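Chain residues, written in single-letter form:
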Amino acid sequence: MSRRRTPWLIGWEAAKANAAPAFVLQSVMLAILLAYYLHPPSAALLNALADFKQRHGLTFVLIASAIVGAVLPELFVIGFFQRGRIRLQNARNFLFNAPFWAFDGFLVNLMYRALAEWFGDRTSVPIVAAKICLDQFGYNPFFATPYGIWGYAWKNGGYSYAKLRPLLTWQYYREHALPVLIATWAVWIPLMAVIYSLPLALQFPLFALALAFWVLMMTYMTNRFAGKIQADAELAVSVAEET
C-alpha cells in the first residue's frame, strides 16, 4: 500500500524537485551580494540600478513586475514550446498575468518599505531575521500564497465566481497552499536573507531579478514535465500539483 500523500509530503517532494534550479538561483544571488560588498565596480552598477528605481518609483515596480510575471514567461513559452508561433492563449495569459503580477509587485515593494520603517534600513542578523520571519511566515502564508493559488484557480475556472467560492475554504488551503508554502520556503528563505542584507533601494530590483530567473526556470520545468503548452508560470504551484 502506498503511503498517504499529505500536503506536507507533496510540498517536500516539490521542494526536492526544485532543488537544482533553486541552488543555481541562490548561488547567483549570493554572488551578487558578495559583489556588492566586496567589488566596488559591481557596487557602483547596483547602486545605479537602485538610483534608477528610486527615480521612477511605482512606475518601475509595476512595469518590472508585469515583465517578470507576464511578458517573460509568455515569450519563453512561445520561443521554446510553440516554435515561435503566437497563439490566442498567449494574449489571454498576458491580459491576466500583467495586472495580477503588477499588483503583487506593488504589495511586495510596499512591504519592503514598511519593514524598513519598522526595523530600520540596516543590515544585522536580528534585523534580517525579523524581516524574513514577517515576510515568509506572515505575508507569505496569509496573503501571497493564497493570492497566487486562488488567482490562478479562478482563472483556470473561467473566472467563475461560483467556482471560486469553494476554493475559499480551509480544506482547499491545506491541500493546495501548504505544499506551495513548503516548496516556497525552501527556495525563498535563503533568497530573502540575501535581499534583506542589501539597502532598501536595491531590495525590490533584486527581488524582481530573482523572480525573473525563478519564473523562467519554473515555466520550463512545468511545461517540460507536463508535456504540453501551459503558459501559466505559477512558480512552485504546478510542480506541487503535478507530483
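Conventions used here
Residues numbered from 1 in each chain as written. Predicted model: local features only at pLDDT ≥ 70, side-chain atom pairs only at ≥ 80, totals over all residues. Heavy atoms only, no water. Helix = DSSP H or I, 4+ residues; strand = E, 2+ residues; numbered from the N terminus. Buried < 20%, exposed > 50% of the residue type's maximum accessible area, 1.4 Å probe, protein only. Areas by Shrake-Rupley, 256 points an atom, 1.4 Å probe, with all protein chains shown as cover. Axes fitted to C-alpha atoms, helices over the stretch in contact; angles between N-to-C directions. Parallel < 35°, antiparallel > 145°, perpendicular 65-115°, else oblique. Contact = heavy atoms within 4.5 Å. Nonpolar A, V, L, I, M, F, W, Y, C, P; charged D, E, K, R; others polar. Patch = residues over 30% accessible without salt bridge, like charges linked within 9 Å, V, L, I, M, F, W, Y side chains within 5 Å. Salt bridge = Lys/Arg side-chain N within 4 Å of Asp/Glu carboxyl O. Phe/Tyr/Trp six-rings, centres within 6.5 Å; stacked < 30°, edge-to-face > 60°. Lys NZ or Arg CZ within 6 Å of the ring centre and 35° of its normal. Core = buried A, V, L, I, M, F, W, Y, C linked by side-chain atoms within 4.5 Å. Left-handed = near helix turned anticlockwise from the far one by under 90°. pLDDT = per-residue confidence, 0-100.

A. Seen up close, the overall build of the protein chain. Helix and strand counts for the protein chain stand at nine helices and zero strands. Along its sequence from the N terminus, the protein chain presents helices and strands in the succession α-α-α-α-α-α-α-α-α. Each of the 243 residues in the protein chain was classed as buried or not, and the buried ones make up 49%. Accessible area for the protein chain stands at about 12400 Å²; split by element, carbon and sulfur atoms hold 68% of it.

B. A look at the packing of helix H2 (residues 19-38) against helix H3 (residues 40-80). Packing of H2 against H3 leaves a shortest axis separation of 6 Å and a crossing angle of 105°. The angle between H2 and H3 places the two elements in the roughly perpendicular class. Listed contacts from H3 to Ile32, Ala35, Tyr36 and Leu38 of H2 are Pro40, Ser42, Ala43, Leu46 and Asn47. Looking at the contact of H2 with H3 residue by residue, the class counts come to seven nonpolar, two polar and no charged.

C. Here's a closer look at unusual backbone geometry. Residue Arg83 is not a glycine yet carries a positive backbone phi of 50°. Looking at where Arg83 falls in the secondary structure, it is placed in the loop between H3 and helix H4 (88-119). Phi angles above zero are rare outside glycine, and Tyr159 is one such case at about 60°. Tracing the sequence through the fold places Tyr159 in the loop between helix H5 (125-156) and helix H6 (161-164).

D. Representation of a nonpolar patch on the surface in the model. Together, Phe23, Val24, Val28, Leu209 and Phe213 make up a nonpolar patch on the protein surface, roughly 430 Å² of accessible area in all. Broken down by secondary-structure element, the contributors of at least two residues to the nonpolar patch are H2 and helix H8 (200-226). Broken down by element, the nonpolar patch gets its largest block of residues, three residues, from H2. The exposure class assigned to Val24 is partly exposed, which follows from its relative accessible area of 47%.

E. Molecular detail of the packing of aromatic side chains. A complete count under the given rule lists 21 aromatic pairs for this structure. Here the aromatic rings of Trp154 and Tyr159 are separated by 5.1 Å at their centres, their planes lie at 90°, and the arrangement is edge-to-face. For Tyr159, a relative accessible area of 39% puts it in the partly exposed group. Between Trp170 and Tyr173 the ring centres are 5.6 Å apart and the planes differ by 25°, which places this aromatic pair in the stacked class. In this pair, Trp170 and Tyr173 are both assigned in helix H7 (residues 170-195), three residues apart and thus about one turn of the helix distant. On the basis of relative accessible area, Tyr173 is assigned to the buried category, the value being 14%. Taken together, the ring pairs in this structure connect Phe96, Phe100, Trp101, Phe103, Phe106, Tyr139, Phe143, Tyr147, Tyr152, Trp154, Tyr159 and Tyr161 into an aromatic cluster. If you follow Lys155 out to its NZ or CZ, it ends over the ring of Phe96, 5.9 Å from the centre.

F. Main features of the nonpolar core. With 45 residues, the main nonpolar core has Met29, Tyr112, Trp188, Tyr196, Phe204, Leu206 and Phe207 as its most contacted residues. When residues of this core are traced back to their parent elements, those giving at least two are H2, H3, H4, H5, H7 and H8. Among all residues touching Met29, those that are not within four sequence positions of it are Leu191, Val194, Ile195, Leu206 and Ala210. Grouped together as the second largest cluster of nonpolar side chains are ten residues, Ile149, Ala153, Leu164 and Ala177 included.

G. Molecular detail of the environment of Val61. Relative to the assigned elements, Val61 resides in helix H3. Separated by 46 residues in sequence, Val61 and Leu107 place their C-alpha atoms 9.7 Å apart. Beyond its immediate chain neighbours, meaning those up to four positions away, Val61 contacts Lys53, Gly105, Phe106, Asn109 and Phe204.

H. Broad picture of the packing of H3 against H4. At a closest axis distance of 8 Å, the pairing of H3 and H4 adopts a crossing angle of 145°. Seen along the crossing, H3 lies across H4 with a hand that is right-handed. Where H3 abuts H4, its residues Lys53, Leu58, Val61, Leu62, Ser65, Ala66, Gly69, Ala70, Val71, Glu74, Val77 and Ile78 lie against Asn90, Asn93, Phe94, Asn97, Ala98, Trp101, Ala102, Gly105, Phe106 and Asn109. Split by residue class, the contact of H3 with H4 holds 13 nonpolar, seven polar and two charged.

I. Inspection of the confidence of the model for the protein chain at higher detail. Across the protein chain, pLDDT averages 82, with 84% of residues at or above 70. Model confidence for the protein chain, summarised as mean pLDDT per element, is weakest for helix H9 (residues 237-242) at 37 and strongest for H4 at 92. Taken as a whole, residues 228-243 scores under 50 in pLDDT and shows 55 contacts with residues more than four places along the chain or in a different chain.

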